[in-house]
Each structure stands twice: as C-alpha cells, then as structure tokens.
Amino acid sequence: MTATIGGGPGDTGVFGRRFDAIDRAVELGTASGRLISVSFPETLPSDADGEHALLDRIGEYLAGTEDDFADVEVAITVPTDQRSVLESVRNVPYGESVDLARVAKMTAGLDHEDEADLQTAREALRANPIPIVVPDHRVRDVGGATPEAVAARLREIEGVRSF
C-alpha cells in the first residue's frame, strides 16, 4: 500500500520549494522512487528541482489538507532500533500527539520505563531523516529533527494541542 513519490522507479534527485506557511523551504532527497531525506533549509540549493508530486502534497498539507503521507515509499537509513521507533512514530495520527513514553510503548522491544530505551527513542527522533512523513512534531517533550519553529507551525496546522 505504498505509492511511488515522484516520476517512477527512476525518480532520483534533490527537489525543493519554499513555502510561506512555514517561512522556509522544504527539500526532498529521493533515490529510486523512495524518499530518503526531508530538510527545511532557509535557502534552496541551486540544483533543487521545484517540481515534484510530494512537494505538491506538502503544499496542500501546509494549506490545511489532512494528509498522513502513509503511502509515501521511504528508505530509512538509520540503525534498526531507531528505524523501529520511526516506524512507530509514523503511525501517530494526523492531529494527535503522544509523549516519549507512548512512543516507547508503541515500539516493539522498547520498555517505556527503561531510561536506555527512552534514550534510543530520543536519538531516533533527533536522527529522523524524513520529518513530516515521520511526524516527529507530534511527539511531546522531545526535540526531533524538525526545527522547533517549523514543528510548532505544523502542530498549529494540524490543530494539535499546545505542548
């Protein structure tokens, strides 16, 4: 139940577009039709292509259209324990938030009462290579890869209660 994010299996490159809703750009990195990175640079590199279907969807999301990006095919290159955390966070519904202990409870093999496991979850969120698609902005009380000003705006767009 995944969809190729761009032009097909050969979709590889750097894509980016500035969005007024977050007062920043969103830059995507793709390889073989899979999303490998999302970042929020202040300025775009000169080689970033502005035309991409996922950038269109992100624009609609930032305008208030609900989208969980669940069908976006990804290639997450982080250690296995961190990947499991990010896969759990990907399941936090649009418009909702969870705390770090809940993320640990949602992740097989982690104990929400074990400080080392909570640290694994924190590290995974900070290392999140694909914010928005893995919505670290929905996790309370821990900083993810999404810059705080952008995360606050994303929570506002989704109607997530203030942390």
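Residues numbered from 1 in each chain as written. Predicted model: local features only at pLDDT ≥ 70, side-chain atom pairs only at ≥ 80, totals over all residues. Heavy atoms only, no water.

- The chain is annotated in an unreviewed UniProt entry as MGMT family protein from Halobaculum roseum.

Thoughts on helix α2 (residues 80–89)
Then step 1. By the burial criterion, the buried members of α2 are Gln82, Val85, Leu86, Ser88 and Val89. The arc that holds the buried residues of α2, viewed along the axis, is 155°, so those residues lie on one side.
Then step 2. Those residues of α2 hidden inside the fold are in contact with α3 (100–106), α4 (115–127) and β5 (139–140). (Buried < 20%, exposed > 50% of the residue type's maximum accessible area, 1.4 Å probe, protein only. Helix = DSSP H or I, 4+ residues; strand = E, 2+ residues; numbered from the N terminus. Arc of directions from axis to C-beta. Contact = heavy atoms within 4.5 Å.)

Examining the pairing of strand β2 (residues 24–31)
Then step 1. With six of its eight residues buried, β2 lies for the most part within the structure.
Then step 2. Hairpin connection between strand β1 (residues 13–19) and β2: a loop of four residues separates the two successive antiparallel strands, and Asp23 in this loop has a positive phi of roughly 55°.
Then step 3. As defined by bridge partners, β2 adjoins strand β3 (residues 34–39) across five bridges and the pair is classed as antiparallel. Paired with Thr30 across the two strands is Leu35, which belongs to β3.
Then step 4. Counting the residues that bridge the hairpin from β2 to β3 gives two residues, and of these Ser32 lies at a positive phi of roughly 50°. (Pairing = 2+ DSSP bridges.)

So, the packing of α2 against α4
Then step 1. Their axes nearest at 9 Å, the elements α2 and α4 cross at an angle of 75°. With respect to α4, the axis of α2 lies roughly perpendicular. Across the interface between the two elements, Asp81, Gln82, Val85, Leu86 and Val89 of α2 pack against Thr120, Ala121, Glu123, Ala124, Leu125 and Ala127 of α4.
Then step 2. By residue class, the composition of the contact of α2 with α4 is seven nonpolar, two polar and two charged. (Axes fitted to C-alpha atoms, helices over the stretch in contact; angles between N-to-C directions. Parallel < 35°, antiparallel > 145°, perpendicular 65-115°, else oblique. Nonpolar A, V, L, I, M, F, W, Y, C, P; charged D, E, K, R; others polar.)

Here we look at the pattern of salt bridges
Then step 1. Tallied over the full model, the rule gives ten salt bridges.
Then step 2. Between Arg34 and Glu73 there is a salt bridge, and its shortest N-O distance comes to 3.0 Å. Of the two residues, Arg34 sits in strand β3 while Glu73 sits in the loop between α1 (53–62) and α2, which places them 39 residues apart along the sequence.
Then step 3. Among the salt bridges present, the one from Glu115 reaches Arg122, with a minimum N-O distance of 2.9 Å.
Then step 4. Judged by relative accessible area, which is 48%, Glu115 ranks as partly exposed. (Salt bridge = Lys/Arg side-chain N within 4 Å of Asp/Glu carboxyl O.)

As for unusual backbone geometry
Then step 1. At Ile132, a residue that is not glycine, the phi angle is positive and equals roughly 80°.
Then step 2. Tracing the chain through its elements places Ile132 in the loop between α4 and β5.
Then step 3. By relative accessible area, which is 2% here, Ile132 ends up buried.
Then step 4. Although it is not a glycine, Asp141 adopts a positive phi angle of roughly 65°.

Topic: α4
Then step 1. Taking 1.5 Å of rise per residue, the 13 residues of α4 would be expected to cover 18 Å, and the 18 Å separating its terminal C-alpha atoms lies within 8% of that figure.
Then step 2. The set of residues buried in α4 consists of Asp117, Leu118, Thr120, Ala121, Ala124 and Leu125. An end-on view of α4 places all buried positions within 150° of arc, on one side of the element.
Then step 3. Tucked inside the fold, the buried residues of α4 contact α2, α3 and β5. (Expected span 1.5 Å × (residues − 1).)

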